[in-house]
Amino acid sequence: MVLHLSPASPVGPTAQAPPTVLRPGHPFSRSELECMRLDGLLVNVYGSGFALPWEQITPRHRAAAAFFSLPEQVRRKVVLGRLTAAWVYGCAPEPEKLSVLLDHRHRAISQGRYRPALIHEVTLGPLDTVTIGGVPVSTPLRTALDVALHAPEPDAIRVLTALAGAKGLGCQLDVIRQAIEAKPRLPGKARALQRIGAAMGAEP
């Protein structure tokens, strides 16, 4: 998988148009989309997002499907992150629940009764996000750092190894390790370094 990503990728109207991801109400209902899936006319990407069966599912499809699974009031402020971002890059299993990042400078989000995502309040710098098909996603390096620090134990090493092995992401394990070592007083730092060491030992 080759991705050409840049933290300076355009955001908003100038960003690259998202791929063909059909969702309820645009123009078909959820039941109509499900019927088309059962007939082999569509494939499910994630949640209520569907794609045409002859299209190769790419990070742009996964990002769009995840993004539109979020309530509108949530998606305006958040970035897809952690294991969800790793899945967008093709390096983690499909998430049972989306993980999104909310910059601490934004006002807290109320999801009401519908809670499709885990919202993590974090500090996001200008080099921490990239747009994929118009959807904000944490960069591969920021994703790897978050996985090393926060992912559940069974997933962290496998996902770190996959991110490091994916061409075009620039997530070599020694780069991840140096980035974590450079952060003083980082909670979870020792465990993250142990995970990176284990992933380096698992590399072919």
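For the structure, check the block above.
Notes on the structure in this doc start here. (Residues numbered from 1 in each chain as written. Predicted model: local features only at pLDDT ≥ 70, side-chain atom pairs only at ≥ 80, totals over all residues. Heavy atoms only, no water.)

### Considering the pattern of salt bridges
Taken as a whole and assessed by the stated rule, the structure comprises 7 salt bridges. Put simply, Glu-34 and Arg-37 hold a salt bridge, and the shortest N to O gap is 2.8 Å. With Glu-34 and Arg-37 both in helix α1 (residues 30-38) and 3 residues apart, this pair spans about one turn of that helix. Taking the relative accessible area as the measure of exposure, Glu-34 reaches 22% and is therefore partly exposed. Since its relative accessible area comes to 34%, Arg-37 is described here as partly exposed. Residues Arg-105 and Asp-103 are paired through a salt bridge, measuring 2.7 Å at the closest nitrogen-oxygen approach. (Salt bridge = Lys/Arg side-chain N within 4 Å of Asp/Glu carboxyl O. Helix = DSSP H or I, 4+ residues; strand = E, 2+ residues; numbered from the N terminus. Buried < 20%, exposed > 50% of the residue type's maximum accessible area, 1.4 Å probe, protein only.)

### What to know about the environment of Gly-134
Within the fold, Gly-134 resides in the loop between β6 (129-132) and β7 (135-138). Overall, the relative accessible area of 33% leaves Gly-134 in the partly exposed class.

### Some remarks on the packing of helix α7 (residues 173-181) against helix α8 (residues 189-202)
Following both chains from N to C, one finds α7 and α8 inclined at 170°, their axes separated by 10 Å at the closest point. What the angle tells us is that α7 and α8 run roughly antiparallel. Judged by the sense of rotation from one axis to the other, the crossing of α7 with α8 is left-handed. Taking contact as the criterion, the partners of Leu-173, Ile-176, Arg-177, Ile-180 and Glu-181 in α7 are, on α8, Lys-189, Ala-192, Leu-193, Ile-196, Ala-199 and Met-200. Tallied by class, residues from the contact of α7 with α8 come to 8 nonpolar, no polar and 3 charged. (Axes fitted to C-alpha atoms, helices over the stretch in contact; angles between N-to-C directions. Parallel < 35°, antiparallel > 145°, perpendicular 65-115°, else oblique. Left-handed = near helix turned anticlockwise from the far one by under 90°. Contact = heavy atoms within 4.5 Å. Nonpolar A, V, L, I, M, F, W, Y, C, P; charged D, E, K, R; others polar.)

### Details of the pairing of strand β1 (residues 43-46)
Taken residue by residue, a regular strand's side chains alternate between the two faces of the sheet. When β1 meets strand β2 (residues 49-51), the two strands line up antiparallel, connected through 3 bridges. Among the inter-strand pairings, Tyr-46 is bridged to a residue of β2, identified as Gly-49. Counted along the chain from β1 to the antiparallel partner β2, the turn is 2 residues long, and its residue Gly-47 has a positive phi close to 55°. (Pairing = 2+ DSSP bridges.)

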